[in-house]
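Secondary and tertiary structure notes
Given next are the chains, with one letter for each unit.
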Amino acid sequence: MKIILKICFCFTILLCSQAAISQQISKEYLEHLTREWQGERFTDGRPRVPDELLERMKLVTLEEAWAVLRNHNYRYQFEGNWQQINPDSVLVGRAVTATFMPGRPDIQTAIDDKGHQSDGRIKSQNAWPIDLLVKGDVYVADQFDAYVDGPTIGDNLGNSIYAKTGNGIVYAGALRDISGLKEIGGFTSYFKSYHPSHHLNNAEKALNTTLVSINHPTRIGAATCMPGDIVLGRDGGVLFIPPHLAEEVVRVSEVVRLRDMFGHQRLREQKYTPGEIDTRWSDEIEKDFSGWLRTHINDLPVSTDQIQEILKKRTW
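Quick summary incoming for the structure in this document. Keep in mind the model is a prediction, meaning the values are calculated, not measured. (Residues numbered from 1 in each chain as written. Predicted model: local features only at pLDDT ≥ 70, side-chain atom pairs only at ≥ 80, totals over all residues. Heavy atoms only, no water.)

**Side note on the overall build of the chain**
Scanning the chain from N- to C-terminus turns up 11 helices and 13 strands. Out of the 316 residues in the chain, the part that is buried amounts to 46%. A total of about 16200 Å² of accessible surface is found on the chain, and carbon and sulfur atoms cover 52% of it. (Helix = DSSP H or I, 4+ residues; strand = E, 2+ residues; numbered from the N terminus. Buried < 20%, exposed > 50% of the residue type's maximum accessible area, 1.4 Å probe, protein only. Areas by Shrake-Rupley, 256 points an atom, 1.4 Å probe, with all protein chains shown as cover.)

**Some words on the pattern of salt bridges**
For the coordinates displayed, the defined rule picks out 15 salt bridges. One salt bridge connects Asp177 with Arg176, and the closest N-O pair in it is separated by 3.3 Å. Using a relative accessible area of 22% as the deciding quantity, one classes Arg176 as partly exposed. Residue Asp288 is joined to Arg266 by a salt bridge in which the shortest nitrogen-to-oxygen separation is 2.9 Å. With Asp288 in helix H10 (residues 283–295) and Arg266 in helix H8 (residues 246–268), this residue pair connects regions lying 22 residues apart in the sequence. One exposure class covers both Asp288 and Arg266, and it is buried. Here the residues in one salt-bridge network are Arg266, Glu269, Lys271 and Asp288, joined through shared partners. (Salt bridge = Lys/Arg side-chain N within 4 Å of Asp/Glu carboxyl O.)

**Let's talk about H10**
For H10, built from 13 residues, the straight-helix expectation of 18 Å at 1.5 Å per residue is met to within 8% by its first-to-last C-alpha distance of 18 Å. When we look at burial in H10, the residues that qualify are Ile285, Glu286, Asp288, Phe289, Ser290, Trp292 and Leu293. Those residues of H10 hidden inside the fold are in contact with H8, helix H9 (274–277) and helix H11 (304–312). (Expected span 1.5 Å × (residues − 1). Contact = heavy atoms within 4.5 Å.)

**Observations regarding the packing of aromatic side chains**
For the coordinates displayed, the defined rule picks out 6 aromatic pairs. With a centroid separation of 6.3 Å and an interplanar angle of 85°, the aromatic rings of Trp82 and Tyr190 are classed as edge-to-face. Taken as a pair, Trp82 in the loop between strand S1 (78–79) and strand S2 (83–85) and Tyr190 in strand S6 (residues 189–194) lie far apart in primary sequence, 108 residues in all. Three or more aromatic residues link up through ring pairs in this structure, and these residues are Phe262, Trp281, Phe289 and Trp292. The side chain of Lys192 reaches across the aromatic face of Trp82, ending 4.1 Å from its centre. Above the plane of the ring of Phe289 lies Arg259, whose end atom (NZ or CZ) is 5.4 Å from the centre. (Phe/Tyr/Trp six-rings, centres within 6.5 Å; stacked < 30°, edge-to-face > 60°. Lys NZ or Arg CZ within 6 Å of the ring centre and 35° of its normal.)

See below:
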């Protein structure tokens, strides 16, 4: 009897674990795909880049981040040509991904049945990924550029997303209720188009979109985004930074920022020529830069601790 009870218990746990991941990637497979990340993870396996790095990432330019990714042979992490909400703000956060496809009734009803009966989800599919969001996340959705009857997000879901994350979205499709979304304030977002219609999700009457995956790899234009990637949106473009490269991106950016400040100051002072600054620096300039860092350590747009780390690794 005890053996039978143990088998029943294990079988129940297995069923519950399977029900809990409807439309979602398994924790084990996500950890496998993101195995180069050695840091903390969320309970579902998504990499959790520290908040401190997210704050520092807000000063990183797309060019600086792109160069680091390119050097590591990550060639398809950038997507441009967006419409924006709050175009003068910077969007930074951890990606939660969703992939929609053109609606197909048999798939739609099968997914609905699984979500409603096994997982207890009573909302429509477009709300399922939003239920998973936490502070610091960015909702990243491939909506296959759906236009008429395509928008799954308006000001209602927009307010919910912002309340959960403190961020906006990256949405490869059409939004609705743009005026209402702009009123949210900090809802810095990137989207492909606007249409006043709303998505159709009734498999028996009218169906336009079907949610096929949550927190799987997804394609956003010409870019690949993984759950847990750091989203960097600014100046009209979006980069998806693999979590294991996030710290390197920030460190390189901070060094470049400081070298640019030093170089511009010395050019204004006419201490060096443009030719000397625009090429590989001489030993004399490198020594001058190290001295400049020490002199201005409390006045620079990089934390004192980070400057100390930079100085430790310099030989001048």
